[in-house]
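This is what each chain is made of:
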Amino acid sequence: MERTGSTAVASISEHLQIQAQQAQAREPSQEVVHNAQELNALYRFTDRLYRARSLEQIYAASLDAICETLDCTRASILRFDAAGVMRFVAWRGLSDSYRHAVEGHSPWRAGDSNAEPIFVEDILNADEPDALKQTVLSENVRAMAFIPLEIEDRVVGKFMLYYDDPHVFSEREHELSLIIARQLGFAIDRSLVDGAARRLAALVESSNDAIIAKDLDGIITDWNNGAEQLFGYKPHEIIGKSVMILIPSDRHDEEPKILERIRAGERVEHYETVRQRKDGGLVDISLTISPIRGASGRVVGASKIARDISERRRAQEQQQLLLKEMNHRVKNLFALAGSIVALNVKNAVTPADLAATVSDQLVALSRAHALTMAPASLGNDEARHGATLHSLIEAILMPYTGWASNGRPRFSISGDDIPITVAAVTPVALLFHEFATNAAKYGSLSTERGIVDVTCRETDEGIRVVWREAGGPRVQPVSIEGFGSKLINASVSQVGRISRSWNPDGVVIELVLVRRLIDPLAAAATPRSR
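First things first, this report covers the structure right here in the doc. (Residues numbered from 1 in each chain as written. Predicted model: local features only at pLDDT ≥ 70, side-chain atom pairs only at ≥ 80, totals over all residues. Heavy atoms only, no water.)

### Focus: the nonpolar core
Phase 1: Judged by nonpolar contacts, the single largest core of 34 residues is most densely connected at Leu397, Val428, Phe432 and Trp467.
Phase 2: The greatest single-element share of this core, amounting to ten residues, is contributed by helix H14 (residues 422–441).
Phase 3: Once residues lying within four places of it in the same chain are set aside, the contact partners of Leu397 are Phe411, Ala436, Leu445, Val454 and Trp467.
Phase 4: Listed in part, the 31 residues of the second largest apolar core include Phe45, Leu49, Ile77 and Leu149. (Core = buried A, V, L, I, M, F, W, Y, C linked by side-chain atoms within 4.5 Å. Buried < 20%, exposed > 50% of the residue type's maximum accessible area, 1.4 Å probe, protein only. Helix = DSSP H or I, 4+ residues; strand = E, 2+ residues; numbered from the N terminus. Contact = heavy atoms within 4.5 Å.)

### Thoughts on the pairing of strand E5 (residues 154–163)
Phase 1: Where burial is concerned, most of E5 is hidden: eight out of the ten residues are buried.
Phase 2: Note: strand E1 (residues 74–80) against E5, six bridges, orientation antiparallel. Paired with Arg79 across the strands is Gly157, a residue of E5.
Phase 3: In this structure, strand E4 (residues 143–151) lies alongside E5, joined through nine bridges in antiparallel fashion. Across the sheet, the residue bridging to Pro148 is Lys158, located in E5.
Phase 4: Two successive antiparallel strands, E4 and E5, enclose a turn made up of two residues, where Glu152 displays a positive phi of approximately 55°. (Pairing = 2+ DSSP bridges.)

### Regarding helix H9 (residues 254–263)
Phase 1: Among the residues making up H9, those that are buried are Glu254, Glu255, Ile258, Leu259 and Ile262. One side of H9 carries all its buried residues, which in axial view fall inside an arc of 125°. Those residues of H9 that are exposed and aimed more than 90 degrees away from the buried face are Lys257 and Glu260.
Phase 2: Elements in contact with the buried residues of H9: strand E6 (210–215), strand E8 (268–276), strand E9 (282–293) and strand E10 (299–308).
Phase 3: Gly265 occupies a position one or two residues after H9 and carries a positive phi of about 80°. (Arc of directions from axis to C-beta.)

### A closer look at the sheet that holds E4
Phase 1: The strand order across the open sheet formed by five strands is E2-E1-E5-E4-E3, and the pairing between neighbours is antiparallel. Of all strands in the sheet, those with a lone pairing partner are strand E2 (86–92) and strand E3 (118–120), marking the two edges. Adjacent strand axes in the sheet meet at a mean angle of 20° when their direction is disregarded.
Phase 2: In this sheet, E2 lies alongside E1 in antiparallel orientation, the contact comprising six bridges. (Axes fitted to C-alpha atoms, helices over the stretch in contact; angles between N-to-C directions.)

What follows is the structure in structure tokens.
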């Protein structure tokens, strides 16, 4: 019985030992547990990087992953600044004095390629200056690692590991360091790209210029606020539609040519054209068109920047008009000066008399010419009212003061002397200046016996002025419209209407000035001649 009992106990003991061995075999090894912990840490790291919305969040996630997977309590992240100096951007467990002392130290330069990690197992055995070693030792650091951070295979920074005691870095630690460095580099790059994209989007959206994107079929894909302001379409009204909706029918041949150049990767610079708004109105624009390339480098669309140049076009047209007017005036003034000399030379007794007479008339001509300039330089009180019609015409005809060969005055002004507004002075003066110039070049004032008679009458319609020439050469209707005629028509369009009669003895011009040109304040205090 005893033997049997002993045998049973031994048998149970052996069975328990076997179960223990089997249970132990089923439990994971420490290596497996450690690897699982590393994988979990890397997973959390990747997830936090994905969710990070700032560089600060990226750095915090990275430092946690570095310390957890590489079993260190101190770490740091450094990046090159704009000047190429390595600066601390995030750290754990480092003193201010240490960071200030080693900032700028780097085994690589900004932009280096093919950089390899550097592992220092014991700073005492490192090939570094004694001063640097002493700085590291004073921070209670014996081992460290320099892991390069790269974007597009170029070094942009590093992260550092610090150990209190000498440390032999395993192959696994090498691998983990590179995995973290790649993930951190990708995250920094993504953050920089996202930030640049947000800034670019804000810049595009806030731009006053119209910025439009389209695909290679001419379908609009993007539309900023400037485009909405310029063309009148809201994004939901235009995105997905053909860009031809913006092009006037007579310019539909432009788009295929532009797309052909874009497909070839060509940029179209400052192309001036006309486009059509939602309301049907046309607008002068300057276009700059650039290819949009996909990730592979292939052209996938085009971006357009359209700038409204309507004001510039109007300014250019105004400038051309002023230049033409100046050229016309200069020619006329030389012709008038010649006419003045020719008309006075026959009556001059001495050269001195001729010089004095011509000089007086040229000064009068200068005063008349000044009346055709806009009164913008006048002060407020001075500019409130214009001139009276008689004084304006008299000033313009002053260079022709004198007597015709038949004893009559060269010009006469009669009728109502009506004050006109300051806004009317320039166009009215331009008209009479042109009438007088034509009379001196081709009409009655070009001969010794010619005269000009001007009568002014206020009517219900406005002011009726009749310019009547007599005693000049036989005149013919003008068949070709020169700049002088264009100037007259432009001035008349501002003040009323005009008609001409080509009588054998001289031209008769009837000018009707609308009533709004009469200055009511000045008219109440000014007597009129009838």
